[in-house]
Amino acid sequence: MHNHAPPGYSCPLCAIAKGSAPESDMFAPTDALYQDAFVLALIGAFQWPNNPGNVVVVPCEHFENIYELPLHLACRVHDLSRGIALAMKAAWACDGVSTRQHNEPAGNQDVWHYHQHVTPRYEGDNLYATYVGGKALMPVDKRAEYAADLRVHLAGWIPADA
């Protein structure tokens, strides 16, 4: 339909969901917050300067974008994103939460697997203005700390039928 993955694309999010991704600066098992047969949530390797703790929520099955994502999985992604947002509020007392999801190159999609970002927000954080400087790779040990913070508060917010 509206696909842009290059031929032979090796999806990193599928590898993570299947447990076959090698540990690296981009992924460590400690990044994972939650996984069931349908959805996975993990601390993102790249973080915004004023908003550390960004989480990526993905369906475990490969769908490139929102156009392909079945409704039952969209509901699971949204339900888990809601739980993560509540966990962020409890763990970090953030002033708000933003969710973002990108489709196709013109929509800034750069990983060809549907995923939604859940980002803690703070008054005056200038999240969108910091895009000019880009996101920075957060060290694995620091990501593990953020993941541990959220896991404590996420326990009560996992999807109802998980």
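Look a little higher up for the structure.
The structure presented is a predicted model; accordingly, all values stated were derived computationally and were not measured. (Residues numbered from 1 in each chain as written. Predicted model: local features only at pLDDT ≥ 70, side-chain atom pairs only at ≥ 80, totals over all residues. Heavy atoms only, no water.)

Q: Tell me about a nonpolar patch on the surface, and please be specific about residues and values.
A: Together, Met 26, Phe 46 and Leu 137 give the surface a local cluster of nonpolar side chains, amounting to about 260 Å² of exposed area. Its place among the elements puts Met 26 in the loop between helix H1 (12-18) and strand S1 (32-35). Judged by its relative accessible area of 46%, Met 26 falls in the partly exposed class. (Patch = residues over 30% accessible without salt bridge, like charges linked within 9 Å, V, L, I, M, F, W, Y side chains within 5 Å. Areas by Shrake-Rupley, 256 points an atom, 1.4 Å probe, with all protein chains shown as cover. Salt bridge = Lys/Arg side-chain N within 4 Å of Asp/Glu carboxyl O. Helix = DSSP H or I, 4+ residues; strand = E, 2+ residues; numbered from the N terminus. Buried < 20%, exposed > 50% of the residue type's maximum accessible area, 1.4 Å probe, protein only.)

Q: Give a description of the environment of Gln 109 that names residues and reports values.
A: Secondary-structure assignment places Gln 109 in the loop between strand S5 (96-101) and strand S6 (116-121). With 24 residues separating them along the chain, Gln 109 and Ala 85 place their C-alpha atoms 22 Å apart. Residues within four places of Gln 109 in sequence aside, it is in contact with Glu 64, Asn 65, His 102, Asn 103 and Glu 104. (Contact = heavy atoms within 4.5 Å.)

Q: Please provide a residue-by-residue account of the nonpolar core, values included.
A: Ranked by size, the top nonpolar core spans 25 residues in total, and within it Leu 33, Val 55, Val 57, Ile 84, Met 88 and Leu 150 carry the most contacts. Every element with two or more residues in this core is listed here: S1, strand S2 (39-43), strand S4 (55-59), helix H2 (71-92) and helix H3 (140-154). When residues in this core are grouped by element, the largest group, eight residues, is from H2. Ignoring anything within four residues of it in the chain, the contact list for Val 57 reads Leu 40, Ala 41, Val 77, Leu 80, Ser 81, Ile 84, His 115, Gln 116 and Val 118. (Core = buried A, V, L, I, M, F, W, Y, C linked by side-chain atoms within 4.5 Å.)

Q: I'd like to hear about the sheet that holds S1, residue by residue, with values.
A: Spatial strand order, S1-S2-S4-S6-S5: five strands in an open sheet with antiparallel pairing. Strands at the two margins of the open sheet, each flanked by one partner only, are S1 and S5. For this sheet the average axis-to-axis angle between neighbouring strands, irrespective of direction, equals 20°. The sheet contact formed by S2 and S4 spans five bridges and is antiparallel. Within S4, the position partnered with Leu 40 by the bridge is Val 58. In the packing of H3 onto the sheet, contacts are made with S1, S2 and S4, and the angle to S1 comes to roughly 40°. (Pairing = 2+ DSSP bridges. Axes fitted to C-alpha atoms, helices over the stretch in contact; angles between N-to-C directions.)

Q: Break down the pattern of salt bridges for me, citing the residues and quoting the values.
A: Scanning all chains against the criterion turns up four salt bridges. Note that Asp 31 is salt-bridged to Arg 143, the shortest N-O span being 3.0 Å. Separated by 112 residues along the polypeptide, Asp 31 in the loop between H1 and S1 and Arg 143 in helix H3 bring together distant segments of the chain. For Asp 31, a relative accessible area of 0% gives the class buried.

Q: Describe the pairing of S6, and please don't skip the residues or the numbers.
A: Of all six residues in S6, six are buried; the element is thus mostly enclosed. Note that S5 and S6 share six bridges and pair antiparallel. Bridging across to S6, Gly 96 finds its partner in Arg 121.

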